[in-house]
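One letter stands for each residue in the lines below.
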Amino acid sequence: MEQPGNPFAIEMVMIDAQGGKIQATIHKPMIRKFRGALVEGRVYRMIFFGVVKNIGSYRACRHEFKLLFHGRTRVAECKGVPIPMYGLSLMTTEDIKNTGGRPGYLFGNELPVVVVQLGRVKSYKGDITIQNVVNTTKIIWNPDIPEVQSFKNRYGCCFKLDKVGVS
């Protein structure tokens, strides 16, 4: 069983300058090497890493592949390189319902003033629900970022909070 401060792996989503996302994993044997070397919101150059199919129940993004850190992997911070901070894939409640609660992908979703990053859509007793993922889901209240403003402008008065549960 995982103990606080002693994870089995560190999972992250990396974003490129065009907003493209790919999942990356640091497995337990490599955590000590990379702990503290990566800080959320900073930009890095990465070399000597593995590339594998992105399969499993908790995929943080829809990219076909994911990156694996290993003993030869090297990272170096790149200062002054603009990269989108959040990499949001905004969805309406209707979009969430249309997933049918099929497992497979975590999601980023914006409800009027709340962004849920890396939550999981599930079907429970016939209802589509949004579920957090331990040590992964991030909730941002009233974000003042261009992606959210654009989303609100696009859907305007069409927002309605249907029966989408949050667990």
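Look above for the structure.
Quantities reported herein were computed from a predicted structural model and do not represent experimental measurements.

Broken down by element type, the protein carries 3 helices and 12 strands. Taken across its 167 residues, the protein has 32% of its residues classed as buried. Partitioning the intrachain contacts of the protein with sequence separation of at least 6 by distance along the chain shows that 57% fall at a separation of at least 24. For the protein, the accessible surface area stands at approximately 10,700 Å², while carbon and sulfur atoms represent 56% of it.

What follows concerns the nonpolar core. In terms of nonpolar packing, the biggest core is built from 9 residues, these being Met12, Ile22, Ala24, Ile26, Ile31, Phe34, Met46, Leu67 and Phe69. Listing elements by their share of this core, those giving two or more residues are strand E2 (21-27) and helix H1 (28-34). Per-element accounting of this core gives the leading share, 3 residues, to E2.

By the definition in use, this model includes 4 salt bridges. Arg42 is paired through a salt bridge with Glu77; the nearest N and O atoms lie 3.9 Å apart. Within this pair, whereas Arg42 is found in the loop between H1 and strand E3 (44-47), its partner Glu77 is found in strand E7 (residues 74-77), the two being separated by 35 residues in sequence. Among the residues examined, Glu77 registers a relative accessible area of 35% and is labelled partly exposed. Its salt-bridge partner being Lys79, residue Glu77 comes within 3.6 Å of it at the nearest N-O pair. Bridged by salt links that share partners, the residues Arg42, Glu77 and Lys79 form one connected network.

As a further point, take the side chain of Gln23. As for its placement among the helices and strands, Gln23 is situated in strand E2. A distance of 2.8 Å separates polar atoms of two side chains, one belonging to Gln23 and the other to Glu11. If we ignore the near neighbours within four places in the chain, the residues touching Gln23 are Glu11, Met12, Val13, Asn54, Tyr58, Arg59, Ala60, Cys61, Lys66 and Leu67.

Following the sequence through the fold, Thr73 ends up in the loop between strand E6 (65-68) and E7. Judged by relative accessible area, which is 1%, Thr73 ranks as buried. Within the local environment of Thr73, its side chain forms a polar contact with the backbone oxygen of Phe48, the two atoms lying 2.6 Å apart. If we ignore the near neighbours within four places in the chain, the residues touching Thr73 are Lys33, Phe34, Met46, Ile47, Phe48, Phe49 and Leu68.

There is a patch of nonpolar side chains on the surface, built from Phe49, Val51 and Phe65 and spanning about 240 Å² of accessible area. Its place among the elements puts Val51 in strand E4 (residues 50-53).

Right, let's get into the sheet that holds E6. Strands sit in the order E1-E2-E6-E4 across an open sheet of 4 strands; the sheet is mixed. In this open sheet, the two edge strands, each paired with only one partner strand, are strand E1 (9-15) and E4. The average undirected angle you get between the axes of adjacent strands in this sheet is 30°. Sheet topology note: the E4/E6 ladder contains 4 bridges and is antiparallel. The residue bridging Val52 from the neighbouring strand is Lys66, located in E6.

Rules used in this analysis
- Residues numbered from 1 in each chain as written.
- Predicted model: local features only at pLDDT ≥ 70, side-chain atom pairs only at ≥ 80, totals over all residues.
- Heavy atoms only, no water.
- Helix = DSSP H or I, 4+ residues; strand = E, 2+ residues; numbered from the N terminus.
- Buried < 20%, exposed > 50% of the residue type's maximum accessible area, 1.4 Å probe, protein only.
- Contact = heavy atoms within 4.5 Å.
- Areas by Shrake-Rupley, 256 points an atom, 1.4 Å probe, with all protein chains shown as cover.
- Core = buried A, V, L, I, M, F, W, Y, C linked by side-chain atoms within 4.5 Å.
- Salt bridge = Lys/Arg side-chain N within 4 Å of Asp/Glu carboxyl O.
- Polar contact = N/O pair within 3.5 Å; in protein donor to acceptor, adjacent residues only side chain to side chain.
- Patch = residues over 30% accessible without salt bridge, like charges linked within 9 Å, V, L, I, M, F, W, Y side chains within 5 Å.
- Pairing = 2+ DSSP bridges.
- Axes fitted to C-alpha atoms, helices over the stretch in contact; angles between N-to-C directions.

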